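Geometric and topological summary
What follows is the residue order along each chain.
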Amino acid sequence: MTQISSNNALAKQILEAGDLVAIPTETVYGLAANAFSETAVKMIFALKKRPLFNPLIVHIAAVADLNKIVRNVPPLALELAKAFWPGPLTLLLEKTDAIPDVVSAGNKTVAVRIPNQPLTLELLKSLAFPLAAPSANPFMSISPTKPEHVKNYFDGQLKLILDGGICENGIESTIIGFDKNQAVLYREGSLEISAIEKITGKLLLPKINVPESVPAPGMLKRHYAPKTPLILTANYKTTVMKNSQKRVGVMTFTEVENQSENTIYRFLSKNETLKEAASNFYATLIELDQLNLDVIVANYLPNVGLGKTMNDRLERASAH
Ligand code: TXA
Ligand code: MG
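What you are looking at is a predicted structure, and each value in this text was computed from that prediction instead of being measured.

1. Digging into the overall build of the protein chain
Check the secondary structure of the protein chain and you find eleven helices and 14 strands. Scaling as 2.2 N^0.38, a compact globule of 320 residues should have a C-alpha radius of gyration of about 20 Å, and the protein chain matches this with 20 Å. The C-alpha extent of the protein chain, read off along each of the three principal axes, is 60 × 50 × 40 Å. The proportion of buried residues among the 320 residues of the protein chain is 56%. The contacts of the protein chain with a sequence gap of at least 6 include a subset with a gap of at least 24, amounting to 67%. Counting every atom, the protein chain has about 14800 Å² of accessible surface; 52% of that belongs to carbon and sulfur.

See the structure below:
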């Protein structure tokens, strides 16, 4: 039985016993284990069916906890940490031996952040170790933003889903690495680039010199994917017409008029804000995916700020 509850003492007990707990964050739910325990961390990879080349994010309670797990922190990284932690920003920093190689998938850097979720922050403060936690979904599928999403994925395979309700941001953290003291963007996320660039100046993109067969961490082409085929389009109307013989679900930014019959529509934002759209984004995709449709038609969002991030996720979700 998988329990959904906000019992932090139970979460602590399970984690201290070397087992896994799903934890809420402001971005998406995470599948957490003691980051210092290779055995516990390997259980995360096994449950998610995640390949060992894909490293995890380590969650800490306070900036002071950095000393134990990383070294040679660039001044710019500290500035970013001070500006945005707790919050949806992950920093790639040179790891110490305290972090087992399995956490960083053999990389010299480890991904670190302080999540901005009261229950999880309290849990982290009560523990003597940080928590390694990727998103709490099977490899390649859609990230969970509600406890029920996690339960659907892992029912019976996990003792506890710590109930923090709906994730406020709804999109994963933004990942920043460093090339000397220059900031590099590894993954767009729910902290907007413009806010980061106010501190760092223009972000660079990572230099990727690995062969095609070895995907660079965090950059898998297909990811965040529903089981239902997903078509990403700039013109949902034409796409709906072309698929008129099929059972179609449409996802758009705001409410649309002239809806076709026999087509299901879901709108990401009533207030026409990208922030609201982001918070509904994965939940809406998961909901459409559960309706046994022939196809999901997603319309591109405005390609700015969080809209750009969601378009990135949709491109990966529709990739083959
Ligand atoms: O918001 C989030 O970041 C959520 C919550 C739970 O914190 N976590 C999350 O984890 O999205 P995950 O594992 O689904 O995505 C982490 C990404 C992966 O794509 C991984 O490849 C990348 O971070 N990553 C981790 N360590 C890295 C490293 N050393 N170098 C490059 N990429 C790294
Ligand atoms: Mg993930």
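2. Some details on the sheet that holds strand β12 (residues 248-252)
Across a sheet, strands are paired by hydrogen bonds formed along the backbone, either parallel or antiparallel in direction. Taken in spatial order, the four strands make up an open sheet running β11-β14-β12-β13, and their pairing is parallel. Strands at the two margins of the open sheet, each flanked by one partner only, are β11 (230-233) and β13 (263-267). The average undirected angle you get between the axes of adjacent strands in this sheet is 20°. Summarising the sheet, β12 and β13 pair through five bridges and their orientation is parallel. If you follow V250 over to β13, its bridge partner there is Y265. Strands β11, β12, β13 and β14 (295-299) of the sheet are contacted by helix α10 (residues 274-289), whose axis makes an angle of about 175° with β12. Strands β11, β12 and β14 of the sheet are contacted by helix α11 (residues 306-318), whose axis makes an angle of about 135° with β11.

Quick notes on the rules
- Residues numbered from 1 in each chain as written.
- Chains lettered and ligands numbered in written order.
- Predicted model: local features only at pLDDT ≥ 70, side-chain atom pairs only at ≥ 80, totals over all residues.
- Heavy atoms only, no water.
- Helix = DSSP H or I, 4+ residues; strand = E, 2+ residues; numbered from the N terminus.
- Rg over C-alpha atoms; globule rule 2.2 N^0.38 Å.
- Buried < 20%, exposed > 50% of the residue type's maximum accessible area, 1.4 Å probe, protein only.
- Contact = heavy atoms within 4.5 Å.
- Areas by Shrake-Rupley, 256 points an atom, 1.4 Å probe, with all protein chains shown as cover.
- Pairing = 2+ DSSP bridges.
- Axes fitted to C-alpha atoms, helices over the stretch in contact; angles between N-to-C directions.

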